[in-house]
Amino acid sequence: MENPEFDAELDARGLYCPEPVMMLHSRILDVPAGGILRVTATDPSTVRDIPRFCQFLGHELLALDQPDGEFHFMIRRGG
């Protein structure tokens, strides 16, 4: 994944379901509408859970990359 600019970051490495999504729910509130949050996680369930989180709450999943056993998400906060 290219390294586009982002407004905030969430490091959820080493955490397991449901913690990454619970932390995402809080952290996305720190991002302005239209801003981008970068999430890094190691739990494979985030590949399922984070896209669903975005879909249900009106955020846009811009990118998902999986380098070196990690999962990197770029999420644009909905308005």
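Relevant structure appears above.
This text gives an overview of the structure that appears in the document. (Residues numbered from 1 in each chain as written. Predicted model: local features only at pLDDT ≥ 70, side-chain atom pairs only at ≥ 80, totals over all residues. Heavy atoms only, no water.)

Here we take up the overall build of the protein. From N to C terminus, the protein includes two helices and four strands. Taken from the N to the C terminus, the helices and strands of the protein come in the order β-α-β-α-β-β. Across its three principal axes, the protein shows a C-alpha extent of roughly 30 × 25 × 20 Å. Across the 79 residues of the protein, 35% fall into the buried class. Of the contacts formed within the protein by residues at least 6 apart in sequence, a portion of 67% connects residues at least 24 apart. Element-wise, carbon and sulfur atoms account for 50% of the exposed surface of the protein, whose accessible area totals about 4600 Å². (Helix = DSSP H or I, 4+ residues; strand = E, 2+ residues; numbered from the N terminus. Buried < 20%, exposed > 50% of the residue type's maximum accessible area, 1.4 Å probe, protein only. Contact = heavy atoms within 4.5 Å. Areas by Shrake-Rupley, 256 points an atom, 1.4 Å probe, with all protein chains shown as cover.)

Right, let's get into the packing of helix α1 (residues 19–27) against helix α2 (residues 46–57). Interaxial distance between α1 and α2 falls to 10 Å at its minimum, and their mutual angle equals 30°. Here α1 is positioned roughly parallel relative to α2, judged by the angle of their axes. Crossing hand, α1 versus α2: right-handed. Judged by residue contacts, P20, V21, L24 and H25 of α1 engage T46, D49, I50, F53 and L57 from α2. Its residues assigned to classes, the contact of α1 with α2 comprises six nonpolar, two polar and one charged. (Axes fitted to C-alpha atoms, helices over the stretch in contact; angles between N-to-C directions. Parallel < 35°, antiparallel > 145°, perpendicular 65-115°, else oblique. Left-handed = near helix turned anticlockwise from the far one by under 90°. Nonpolar A, V, L, I, M, F, W, Y, C, P; charged D, E, K, R; others polar.)

Here strand β1 (residues 8–12) shows one buried face, formed by A8, L10 and A12, and one open face, formed by E9 and D11. Pairing geometry for β1 and strand β2 (residues 36–41), over five bridges, is parallel. When the bridges of β2 are listed, L10 appears paired with V39. The parallel pair β1 and β2 is bridged by α1, and the resulting crossover is right-handed. (Pairing = 2+ DSSP bridges. Right-handed = clockwise from strand over helix to strand, strands pointing away.)

Attention now moves to the pattern of salt bridges. Across all of its chains, the model carries six salt bridges by this definition. Among the ionic pairs, D11 bridges to R13, the shortest N-O distance being 2.7 Å. Among the salt bridges present, the one from E70 reaches R13, with a minimum N-O distance of 3.3 Å. Within this pair, whereas E70 is found in the loop between β3 (60–65) and β4 (71–76), its partner R13 is found in the loop between β1 and α1, the two being separated by 57 residues in sequence. Among the charged side chains, a salt-bridge network with shared partners connects D11, R13 and E70. (Salt bridge = Lys/Arg side-chain N within 4 Å of Asp/Glu carboxyl O.)

Before going further, it helps to spend a moment on the sheet that holds β1. Spatially, the four strands line up as an open sheet ordered β1-β2-β4-β3, and their pairing is mixed. For this open sheet the edge positions go to β1 and β3, each flanked by a neighbour on one side alone. Strand-to-strand twist of the sheet, defined as the mean angle between neighbouring strand axes without regard to direction, takes the value 15°. As paired strands, β3 and β4 are joined by five bridges and run antiparallel to one another. Bridge assignment links L61 to a residue of β4, and that residue is I75.

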